[in-house]
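Structural features, examined
Residue strings, one per chain:
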Amino acid sequence: VWDFAASSDPFVRFALVSSLVAVVATAVLFASVVVLRLRLLAHRRAQQEFIATWRPLLTEMAIRGIDPETDQRLNETKMPTRDAWHFLLNEWNVLQDSLKGSGRQHLIRAGYKLGLDQMAWTMLKKRRSLGEQLLAVVTLGHLGEISAWNDIVAKLDSRNTLLSLMAAKALCNIDPDRAIGMVIDRILSREDWAGARVAGVLLEAGAGAISQPLHDAILAGSPTTQEKLISFLPMVYKAIASHVIHKLLSKEIIDDSVIGACLKVSDGPLELPHLRRLTSHPLWHVRMLAATALGRLGGSEDCRLLLGLLADREWWVRYRAAQALVGLPFLDQQQLEIMRDKVTDPYGRDMFDQVLAEAAVA
Amino acid sequence: MSTYDIIAVAQWVFLTYFLMLNGGYIVLNFLSLFGMREYFRASSVDSLPKAYSEYELPISIIVPAYNEAATITASVRALLQLRYPEYEIVVINDGSKDETLDVLMREFSLVTFPEAYRERIPTQAVNAVYVSTRFHNLRVVDKNNGGKADALNAGINCARYPLFCGVDADSVLQPDSLYQVLQPFLDDSRTVACGGTIRIANGCTVRDGFVEKIALSDSTLALFQTMEYLRAFLFGRLGWSPLNALLIISGAFGLFRKEVVVSVGGYRTDTVGEDMELVVRMHRKLREQRLARQQAKKLDSLFEQMTSDEVSSLNIVVKADVQGSVEALRDALTKLSNDEVEVNMKVHLLGPGVEDRGEPHLAAEVLGISTQLFEGARDSLEEQSVEAGGVCPEQRIEFVGDGDDRVEVGCGKDLLHALGHPLCTPDALALGAVAIAAGVVGGLRVAARVTHLEVAAESRCAAALDVA
């Protein structure tokens, strides 16, 4: 074939060479897919075998701590080879995350006995793959390895979102009071940190560690800072959250986005005068949030305000106002229907009907 | 041209097409392999910072249905069993001619619901909205036929939640599908859309809307289809995604941020590939927004960097047209102002023959630009009735620094434009002004130099300052 190609015109030679390149590339791809698949199957099989042996043992150590019996079982169990370290680390971390109190402490002692700290250090220093770095950071965090502090802080600014979040979580595990300042800085600077994941990290730090730093950061921060951090106020001590909200809403000049963030989390009666005032705010989303908040906190004197909002030009304001009215605990079905009949605005009446129907179905 | 020549050209055309197509597929496949390897590595860690469920976004599932009486019940039942904290299902009966609506009403005990329908995206007329008395998160919208895109738009209008997921009525979802497709939104809060991998159910055993057993079809034709879906969804999408160039998210299963979709006008009804068209439009809009944000950010941080001595030299890159460049610079400079330092800009018209070797000329010298007048300048000015040496107060660049520092820089946009000298563009002089103003507000610690100057004739792009 090659002789034929060599003696042919340039087109045939070019076609043959390009086809061969395509065939070789396809073969490499095919082989890669097969290898990937086989490795995945082997990985799963090895993981199942590992879990069958180690999960009961780790669970027992978490419950009872290391006593002579668990110690003996541990000695009888073959330690995983270096290739299977990540199974052990992963299993131990999953168990750590599902425990609280003494169980966690038992498991930390078991972790040191198993040499997890050394395994994690080796993984972290070698920087072989993202998966290993993630495992190492989480393990060192769960172990409370203060000596790893600087190495984990360096990961906090990793371009990889997951690794940076893991580092934040680990730092909060090691020393939440020291970590929270750095975590707050990153919450503000990293656009890629999703609220749900950040809340998970803050939960790890605990209300005791986050309350005062969040309070200070919000009150001293710019409107952008305030808007971003206020959404995490439900996770701090209630008195501190209420103080922050009250202080912000009492300001004469306050950014609209900050008002919105405050209204989402406000849950104290002190805020009622502000909420009532904000039902006539020029921005529709502020009116909407004020209506929702009045539904949570308002009294019978607020029905008139909420009825007024049913004539708002924005759909969502009407919807939340109607929901707020229907959700007020002191109004029964009959009173609501009387109110509905008194609504003269056709859009407001439609919305009232919709929300009453929703309540009936629910 | 002889027949032989035509055939020869055609051969090259076909070969080039073959190479480009298959070469493209092979490159995409390699990219997707790397993507998959990274995915497996990252997913080997189960102990993620847990997503706090109260902060997870609720999802509206939108199911357009046209003549789906045979499959709609199983599909909706499967959707009702999905594992996710808060979601609603909005089925759109798009003017079906079969019993789709009757089947839904019977199977899910639907009653008429007085929905205060809000038409954010125009659609065909909505006849009625129904709600299930058994499943409070299930609503059915009955509307006139307008096609799948129109049905999806009606669903978006009815959706209550910030994320919506378009699902085909004959799609079969895994119970944890919503969690899986939400993952990118949690991993990166800037995510606006995510698509799931669609595979062919031919040959699989499906019971009550869930896949019980995965198998291949006996039909050769169906096997080709399976291959094509694997190529398109698994390798194609995975290959494009790392490049942030995903051009299509399938309408069969895709999660979107509702407000972004509404802001671009929803699905277009006058096109065949409405899902691809929407994604391309979203790309364009968001890229434009990102560009604008980046420019604003650079300017916002410039002053901070100058005052904290972080900037030792200032490289300025300008892409601006002649028309509008001064306006762009004015906008840019306004952002350098803060409570302590005020930067004002007015266009200053320096007349020819000015002997003063003041700051305007200094600015030009810093830039290495001659401000000497050239032959024909005086005539040009006279044509424009501009008095030589005169200063028009309305056209003046003025930078007022902290304290007594004051730099005035002549721009003379119209004048210099009339002169037609290639280096003496208004942009060049105004840039000198920017550099010197930056030096003034930064305490004269900034050495300004222009490393690159580009003037695009058609572009109206604003001036951009790049800090080295």
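In short, a report on the structure.

Describing the overall build of chain A
A count of helical and extended segments in chain A gives 21 helices and zero strands. Each of the 362 residues in chain A was classed as buried or not, and the buried ones make up 51%. Contacts in chain A between residues far apart in sequence, at least 24 positions, make up 65% of those at least 6 positions apart.

Side note on the overall build of chain B
Along chain B, the regular secondary structure elements total 13 helices and 15 strands. Buried positions account for 45% of the 468 residues belonging to chain B. Within the structure as shown, chain B displays about 23700 Å² of accessible surface, and the carbon and sulfur contribution to it stands at 53%.

Remarks on the pattern of salt bridges
On inspection of all chains with the given rule, the structure shows 30 salt bridges over all chains. A:Lys169 is the salt-bridge partner of A:Asp97, the closest N and O atoms lying 3.2 Å from each other. Placement of A:Asp97 in helix H4 (residues 85-97) and of A:Lys169 in helix H9 (residues 161-174) is noted, with a sequence separation of 72 residues between them. What makes A:Lys169 buried here is its relative accessible area of 3%. In this structure, the salt-bridge partner of B:Glu277 is B:Arg281, at a minimum N-O distance of 2.6 Å. You can see B:Glu277 and its partner B:Arg281 sitting in helix H8 (residues 274-307), four residues apart, about one turn around the helix. An identical accessibility class is assigned to B:Glu277 and B:Arg281; each is buried. One network of salt bridges, with partners in common, ties together A:Glu60, A:Arg64, A:Asp67, A:Glu69 and A:Arg73.

Some remarks on the pairing of strand E2 (residues 87-94) of chain B
Residues and elements named next belong to chain B. The buried count for E2 comes to eight of eight residues, which makes it a mostly enclosed element. A two-sided burial pattern is seen for E2, the buried positions comprising Tyr87, Ile89, Val91 and Asn93 on one face and Glu88, Val90, Ile92 and Asp94 on the other. Note: strand E1 (residues 59-65) against E2, seven bridges, orientation parallel. Of the residues in E2, the one forming a bridge with proline 64 is isoleucine 92. What joins E1 to E2 is helix H2 (residues 72-80), and the crossover it makes is right-handed. Relative to strand E5 (residues 138-143), E2 is paired through six bridges, and the arrangement is parallel. Across the sheet, asparagine 93 pairs through a bridge with aspartate 142, a residue of E5.

Structural notes on the interface of chain A and chain B
With 56 residues of chain A in contact, the opposing surface of chain B contributes 46 residues. For the pair chain A and chain B, the summed buried surface comes to about 4400 Å²; carbon and sulfur atoms form 69% of the total. On the chain A side of the contact with chain B, A:Phe11, A:Leu29 and A:Arg197 bury the most area, a combined 16% of that side's loss. Between chain A and chain B we count two salt bridges in total. A salt bridge links B:Arg118 to A:Glu314, with the nearest nitrogen and oxygen atoms 3.4 Å apart. Taken together, chain A and chain B are joined by five residue pairs in polar contact (both at pLDDT 80 or more). Elements represented by at least two residues in the side of chain A that touches chain B include exactly helix H2 (10-64), H4, helix H7 (130-143), H9, helix H11 (195-205), helix H19 (315-327) and helix H21 (346-361) of chain A.

Considerations on the pairing of strand E9 (residues 210-213) of chain B
Residue and element names in this part refer to chain B. One ladder, built from three bridges, connects strand E8 (residues 205-207) with E9; its direction is antiparallel. Counterpart to threonine 205 in the pairing with E9 is lysine 213. Counted between consecutive antiparallel strands, the loop separating E8 from E9 contains two residues, among which aspartate 208 sits at a positive phi close to 50 degrees.

Some details on the environment of A:His86
All names here are of chain A. Within the fold, histidine 86 resides in helix H4. For histidine 86 and alanine 136, which are 50 residues apart along the polypeptide, the C-alpha to C-alpha distance reads 9.0 Å. Once you skip the residues sitting within four places of it in the chain, histidine 86 turns out to touch His43, Met123 and Leu135.

Some thoughts on the packing of helix H10 (residues 176-189) of chain A against helix H13 (residues 223-230) of chain A
A pair of packed helices can be characterised by two numbers: the angle between their axes and the separation between those axes. Residue and element names in this part refer to chain A. Across the interface, H10 lies against H13 with an axial gap of 10 Å and an inter-helix angle of 110 degrees. Taken as axis vectors, H10 and H13 run roughly perpendicular relative to one another. Residues Ile184, Ile187 and Leu188 of H10 form the contact with H13, whose own contacting residues are Thr225, Lys228 and Leu229. Classifying every residue of the contact of H10 with H13 by side-chain character gives four nonpolar, one polar and one charged.

Digging into the nonpolar core
In terms of nonpolar packing, the biggest core is built from 156 residues, with A:Ile230, B:Ile59, B:Ile61 and B:Val91 touching the most fellow members. Residue contributions to this core peak at ten residues, all from H9(A). The residues contacting B:Val91, other than those within four sequence positions of it, are B:Val63, B:Ala65, B:Ile72, B:Val76, B:Leu104, B:Leu138, B:Arg139, B:Val140 and B:Val141.

With respect to the packing of aromatic side chains
Scanning the model with the defined rule gives ten aromatic pairs over all chains in all. Relative to B:Trp12, the ring of A:Phe14 has its centre 5.6 Å away and its plane inclined at 40 degrees; by these criteria the two rings are tilted. Separated into two different chains, A:Phe14 in helix H2 and B:Trp12 in helix H1 (residues 3-43) make up a pair that spans both. Judged by its relative accessible area of 38%, A:Phe14 is partly exposed. Seen from their ring centres, A:Trp315 and A:Trp316 are 5.1 Å apart, and the 80 degrees between their planes marks the pair as edge-to-face. The burial state of A:Trp315 is the same as that of A:Trp316; both residues are buried. An aromatic cluster of at least three residues, connected via ring pairs, comprises A:Phe50, A:Trp54 and A:Phe87.

Focus on a nonpolar patch on the surface
Residue and element names in this part refer to chain A. Together, Phe30, Val34, Leu38 and Leu41 make up a nonpolar patch on the protein surface, roughly 390 Å² of accessible area in all. Its place among the elements puts valine 34 in helix H2. Residue valine 34 is classed as partly exposed on the basis of its relative accessible area of 33%.

Section: the sheet that holds strand E3 (residues 110-113) of chain B
Residues and elements named next belong to chain B. Here eight strands make up an open sheet; going across it, the order is E3-E4-E5-E2-E1-E6-E10-E7 and the pairing mixed. One side of each edge strand has no neighbouring strand; the edge strands of this open sheet are E3 and strand E7 (193-195). Averaged over all pairs of adjacent strands, the angle between strand axes in this sheet comes to 25 degrees, irrespective of strand direction. The sheet contacts of helix H5 (residues 177-187) involve E1, E2, strand E6 (163-167), E7 and strand E10 (253-257), and relative to E10 the element is tilted by about 45 degrees.

Some details on the packing of H4(A) against helix H5 (residues 102-114) of chain A
Residues and elements named next belong to chain A. With their axes 10 Å apart at the nearest point, H4 and H5 run at an angle of 165 degrees to one another. Relative to H5, H4 is oriented roughly antiparallel. As for the relative orientation of H4 and H5, their crossing is left-handed in sense. In contact with Leu88, Trp92, Leu95, Gln96 and Asp97 of H4, H5 contributes Arg104, Leu107, Ile108, Gly111 and Leu114.

Reading guide: rules and limits
Residues numbered from 1 in each chain as written. Chains lettered and ligands numbered in written order. Predicted model: local features only at pLDDT ≥ 70, side-chain atom pairs only at ≥ 80, totals over all residues. Heavy atoms only, no water. Helix = DSSP H or I, 4+ residues; strand = E, 2+ residues; numbered from the N terminus. Buried < 20%, exposed > 50% of the residue type's maximum accessible area, 1.4 Å probe, protein only. Contact = heavy atoms within 4.5 Å. Areas by Shrake-Rupley, 256 points an atom, 1.4 Å probe, with all protein chains shown as cover. Salt bridge = Lys/Arg side-chain N within 4 Å of Asp/Glu carboxyl O. Pairing = 2+ DSSP bridges. Right-handed = clockwise from strand over helix to strand, strands pointing away. Buried area = accessible area lost by both parts, 1.4 Å probe. Polar contact = N/O pair within 3.5 Å; in protein donor to acceptor, adjacent residues only side chain to side chain. Axes fitted to C-alpha atoms, helices over the stretch in contact; angles between N-to-C directions. Parallel < 35°, antiparallel > 145°, perpendicular 65-115°, else oblique. Nonpolar A, V, L, I, M, F, W, Y, C, P; charged D, E, K, R; others polar. Core = buried A, V, L, I, M, F, W, Y, C linked by side-chain atoms within 4.5 Å. Phe/Tyr/Trp six-rings, centres within 6.5 Å; stacked < 30°, edge-to-face > 60°. Patch = residues over 30% accessible without salt bridge, like charges linked within 9 Å, V, L, I, M, F, W, Y side chains within 5 Å. Left-handed = near helix turned anticlockwise from the far one by under 90°.

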